[in-house]
Amino acid sequence: MVNKVKFERETVVRLASQLFWEKGFHATSTRDLQEAVNMRPGSIYSAFGSKEGLYIESLKDYTEQMESQIKECLSTSDSILGGLRAFVEDVVTKKESTPSAICMLVKANCEFADKDSSLYQLSLNLADKFENYLSVLFEQAIEKNELSNNISAQEYARFFEVQFTGLRGYFNRPGVESLAQPMINQMFKIIKSL
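Residues numbered from 1 in each chain as written. Predicted model: local features only at pLDDT ≥ 70, side-chain atom pairs only at ≥ 80, totals over all residues. Heavy atoms only, no water.

A. Representation of the packing of helix α2 (residues 30-37) against helix α3 (residues 41-48) in the model. Closest axis-to-axis distance for the α2/α3 pair is 9 Å, and the angle between their directions is 85 degrees. Overall, the two elements α2 and α3 adopt an arrangement that is roughly perpendicular. Across the interface between the two elements, Thr-30, Leu-33, Gln-34 and Val-37 of α2 pack against Pro-41, Ile-44 and Tyr-45 of α3. Tallied by class, the residues present in the contact of α2 with α3 amount to five nonpolar, two polar and no charged. (Axes fitted to C-alpha atoms, helices over the stretch in contact; angles between N-to-C directions. Helix = DSSP H or I, 4+ residues; strand = E, 2+ residues; numbered from the N terminus. Parallel < 35°, antiparallel > 145°, perpendicular 65-115°, else oblique. Contact = heavy atoms within 4.5 Å. Nonpolar A, V, L, I, M, F, W, Y, C, P; charged D, E, K, R; others polar.)

Here's what the structure looks like:
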C-alpha cells in the first residue's frame, strides 16, 4: 500500500510539473491543477500543503529528471562530451514531447525574480545544483583528456548552460529545424577550443 501511495504521489508531481512548466506558477490555477492531476483541491492541499508545495516538488522533480536524462545519455556514449551532446540533441530536436521549449528552471527564475523570494531562491538553488552536477561531468572530461584544463570545469559548465539555454530558445522558432545539427556542432567545437 505504501508503494502505491508513493507511485501516485510521483505521478501527481510529474503531471503537475508538466502543467507548471507549460503555464508557469502564477498562470496555473488550482482548477488547472485539479484537472491535470485528477485530484480535488482539498486532496492537493492535504498531500502537498499548498499549490506552492506542489510546485516546489515539481521543480525539484524537473531538475532530477534533467540529471536522469543526462545520465541515460552518458550511459550509451563512450565519452562525457558524447553523452552531453546526445542530451543536447535530444532536448533541442525532440522538443515536441515537452510542454515548453524553455527550461523550467530558467522560466521559474524569470517568473519569480520580483514576485516571490522563496520560490526565486529555490530556482537559484536548483540551478546551482544543476551547474555543480555539470561541473563534475566537465571535471571528468578534463581528467579523461576530452577537454583542456585551460579553464575550470565550472567555467565549462557555465558556457554549456548558456549555449544550451540559447539553443533551446532559438529552436522554439518555426522553420529553423535544419539548423539544429550545424549549431550543435558549433557549440561543441567551441567547447573543445576553450
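Okay, back to it.
B. Representation of the packing of helix α5 (residues 80-93) against helix α7 (residues 117-143) within the structure. Two elements in contact, α5 and α7, have axes separated by 9 Å at closest approach and are oriented at 140 degrees. When the interaxial angle is binned, α5 and α7 end up oblique. Where α5 approaches α7, its residues Ile-80, Leu-81 and Leu-84 are matched on the opposing element by Leu-134, Leu-137, Phe-138, Gln-140 and Ala-141. Grouping the constituent residues of the contact of α5 with α7 by class yields seven nonpolar, one polar and no charged.

C. Representation of the pattern of salt bridges in the model. The final tally for this structure, using the stated rule, is seven salt bridges. Taking the shortest distance from any N to any O, the salt bridge between Glu-57 and Arg-9 comes out at 2.5 Å. Of this pair, Glu-57 sits in helix α4 (residues 51-75) while Arg-9 sits in helix α1 (residues 2-23), placing them 48 residues apart in sequence. Judged by relative accessible area, Glu-57 falls into the partly exposed class, the value being 28%. A relative accessible area of 33% places Arg-9 in the partly exposed class. A salt bridge links Arg-158 to Glu-131; the nearest nitrogen and oxygen atoms lie 3.1 Å apart. Of this pair, Arg-158 sits in helix α8 (residues 153-170) while Glu-131 sits in helix α7; the two residues are 27 residues apart in sequence, bridging distant segments of the chain. Judged by relative accessible area, Glu-131 falls into the buried class, the value being 13%. (Salt bridge = Lys/Arg side-chain N within 4 Å of Asp/Glu carboxyl O. Buried < 20%, exposed > 50% of the residue type's maximum accessible area, 1.4 Å probe, protein only.)

D. Main features of the environment of Gln-34. Relative to the assigned elements, Gln-34 resides in helix α2. The exposure class assigned to Gln-34 is partly exposed, which follows from its relative accessible area of 22%. Linking Gln-34 and Ala-16, residues 18 residues apart in sequence, is a C-alpha distance of 9.3 Å. Not counting the four nearest positions on each side in its chain, Gln-34 is found in contact with Met-39, Arg-40, Pro-41 and Ile-44.

E. Here's a closer look at the state of the cysteines. Tallied over the entire structure, the rule returns zero disulfides. Free of any disulfide, Cys-73 has its nearest neighbouring cysteine sulfur in Cys-103, separated by 15 Å. (Disulfide = S-S within 2.5 Å.)

F. Inspection of the nonpolar core at higher detail. Membership of the largest hydrophobic core comes to 56 residues, with the highest contact counts inside it found for Val-88, Phe-138 and Phe-160. Sort the elements by how many residues they give to this core and α7 lands first, with 10 residues. Apart from residues lying up to four places away in sequence, Val-88 is in contact with Phe-160, Phe-164, Leu-167, Ile-184, Met-187 and Phe-188. (Core = buried A, V, L, I, M, F, W, Y, C linked by side-chain atoms within 4.5 Å.)

G. The arrangement of the environment of Thr-93 in detail. Mapped onto the elements, Thr-93 comes out in helix α5. Given the relative accessible area of 36%, Thr-93 is considered partly exposed. Taking C-alpha positions, Thr-93 is 39 Å from Ser-46, a pair spaced 47 residues apart along the chain. For Thr-93, the contacting residues outside a window of four places in its chain are Ala-180 and Gln-181. A distance of 2.4 Å separates a polar side-chain atom of Thr-93 from the backbone oxygen of Glu-89. (Polar contact = N/O pair within 3.5 Å; in protein donor to acceptor, adjacent residues only side chain to side chain.)

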